[in-house]
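The residues making up each chain are set out below.
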Amino acid sequence: MSLEPAVNLIGQNRERGASLAGRWFAKITGFEELGLVVVLVALALVIGIPNPEFFSTRSLVTILRQSAFIGIIAFGTVYLIAMVEIDLAVGGIYGLSAITGALLIQAGVDPWVSVLVAILAAVALGALDGLLANLLAVPLIIISLGTLSVFRGLGLILSNARPITGMPRSHPFFEIFGGDLLGVPTSVWVLIGVGIILHFVFFRTRFGAIVRAIGSNPAAAEFIGLRVSFYRVATAALVGLLCGVSGVLTLAFFKAADPTLGVGMELQVVAAVVIGGTSLAGGSGSLIGAFIGVLLISIIGSGLVFYGISANWAQFVTGVFILAAIALDRFIKRRRARTAAGK
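Residues numbered from 1 in each chain as written. Predicted model: local features only at pLDDT ≥ 70, side-chain atom pairs only at ≥ 80, totals over all residues. Heavy atoms only, no water.

**Description of the overall build of the protein**
Line of reasoning, step 1. When its secondary structure is counted, the protein shows 15 helices and 2 strands.
Line of reasoning, step 2. Looking at the protein as a whole, 51% of its 343 residues are labelled buried.
Line of reasoning, step 3. Put simply, 80% of the contacts in the protein that link residues at least 6 apart link residues at least 24 apart. (Helix = DSSP H or I, 4+ residues; strand = E, 2+ residues; numbered from the N terminus. Buried < 20%, exposed > 50% of the residue type's maximum accessible area, 1.4 Å probe, protein only. Contact = heavy atoms within 4.5 Å.)

Here it is, written out as structure tokens:
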């Protein structure tokens with residue numbers, strides 16, 4: 001089947017979701033995320049100038065490592081939101097994958113086999129969300145409201161609500177994926193690799209074009225013969241895969257798994273993606289923007305610590321950023337609609 005109808009569906013939404021600052025800079029530089037970079041740098045300076053230790057290698061490495069665990073999942077969430085879907089169960093899948101891997105290793109299974117099983121289980125859980133959404137004919141966000149609790153509860157049951165320790169720290173899996181490569185955490189290298197691959201897939205492949213076309217106009221996508229149900233399951237499975245990868249990387253670093261892993265992660269992931277310029281109206285997305293959004297959230301959390309502000313404010317600030325991003329997204333959409341009507 002030709003992709004021309006899908007491309008036509010995407011055309012009108014090609015630039016949807018970019019921030020106002022990003023669009024202004026894009027006219028000059030061609031780089032739509034430059035506005036976000038300016039905000040990122042400004043925020044870092046506001047925190048770092050009064051607190052020089054913020055720019056220490058240790059602090060920056062910590063921020064990058066935290067960003068990697070969230071960012072890997074955020075890349076997949078760009079695909080979902082571009083399809084006008086949201087999976088709120090990502091934190092549950094992430095935590096359950098780490099617990100699954102840890103339990104298998106603790107039981108004597110080879111770590112390489114254990115983490116492979118954990119990742120495959122995460123793929124299955126992601127696909128399950130998509131399948132249930134199709135079978136019940138409801139948005140993925142509604143299904144994930146239930147499965148989040150199911151996955152969280154399953155993690156508590158399997159772990160007996162206790163941390164899982166006793167990992168073979170000297171095993172190559174923990175040394176490689178829990179350590180550094182060229183002075184940079186291995187998880188960050190994985191983040192970069194995943195980001196490059198998914199950026200290419202999103203903008204340069206048939207799969208990415210269809211994902212964006214479905215988000216642009218689901219009804220039209222169905223009309224021209226695109227298998228919307230299949231792509232919903234495939235994209236949800238992709239997000240599950242990324243949750244599994246992030247989960248086992250977290251296990252590799254901490255050498256343990258805790259049943260509270262991933263609590264509140266769904267909020268951070270969605271915030272990063274929306275702040276990064278992916279429109280909630282669908283049809284477009286930005287993986288680079290999502291990564292910058294993750295860095296912004298991580299830096300905000302770090303800044304609260306440096307300024308001696310209670311960590312309880314972190315979730316509040318993240319929520320404010322989500323609301324601001326949604327408001328900006330709606331403002332841009334209405335402004336473009338008025339401009340188009342005036343032509």
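**Focus: the pattern of salt bridges**
Line of reasoning, step 1. Applying the stated rule across the entire model yields 2 salt bridges.
Line of reasoning, step 2. Residues Asp180 and Arg65 are paired through a salt bridge, measuring 3.6 Å at the closest nitrogen-oxygen approach. In this pair, Asp180 sits in strand S1 (residues 180-181) while Arg65 sits in helix H4 (residues 57-82), placing the two residues 115 residues apart along the sequence.
Line of reasoning, step 3. Judged by its relative accessible area of 13%, Arg65 is buried. (Salt bridge = Lys/Arg side-chain N within 4 Å of Asp/Glu carboxyl O.)

**As for a nonpolar patch on the surface**
Line of reasoning, step 1. Residues Val46, Tyr307, Ile309, Trp313, Phe316 and Val320 make up a contiguous nonpolar surface patch of about 590 Å² in total accessible area.
Line of reasoning, step 2. Broken down by element, the residue count for the nonpolar patch peaks at 3 residues, all from helix H15 (residues 312-342).
Line of reasoning, step 3. Looking at the secondary structure, you find Val46 in helix H3 (residues 34-48). (Patch = residues over 30% accessible without salt bridge, like charges linked within 9 Å, V, L, I, M, F, W, Y side chains within 5 Å. Areas by Shrake-Rupley, 256 points an atom, 1.4 Å probe, with all protein chains shown as cover.)

**Some remarks on the side chain of Ser159**
Line of reasoning, step 1. Position of Ser159 among the secondary structure elements: in helix H7 (residues 140-159).
Line of reasoning, step 2. Here Gly155 takes part through its backbone oxygen, which lies 2.7 Å from a polar atom of the side chain of Ser159.
Line of reasoning, step 3. Discounting residues that sit within four places of it in the chain, Ser159 has contacts with Ile99, Ile164 and Pro259. (Polar contact = N/O pair within 3.5 Å; in protein donor to acceptor, adjacent residues only side chain to side chain.)

None of the figures reported here should be taken as evidence of function without further support.
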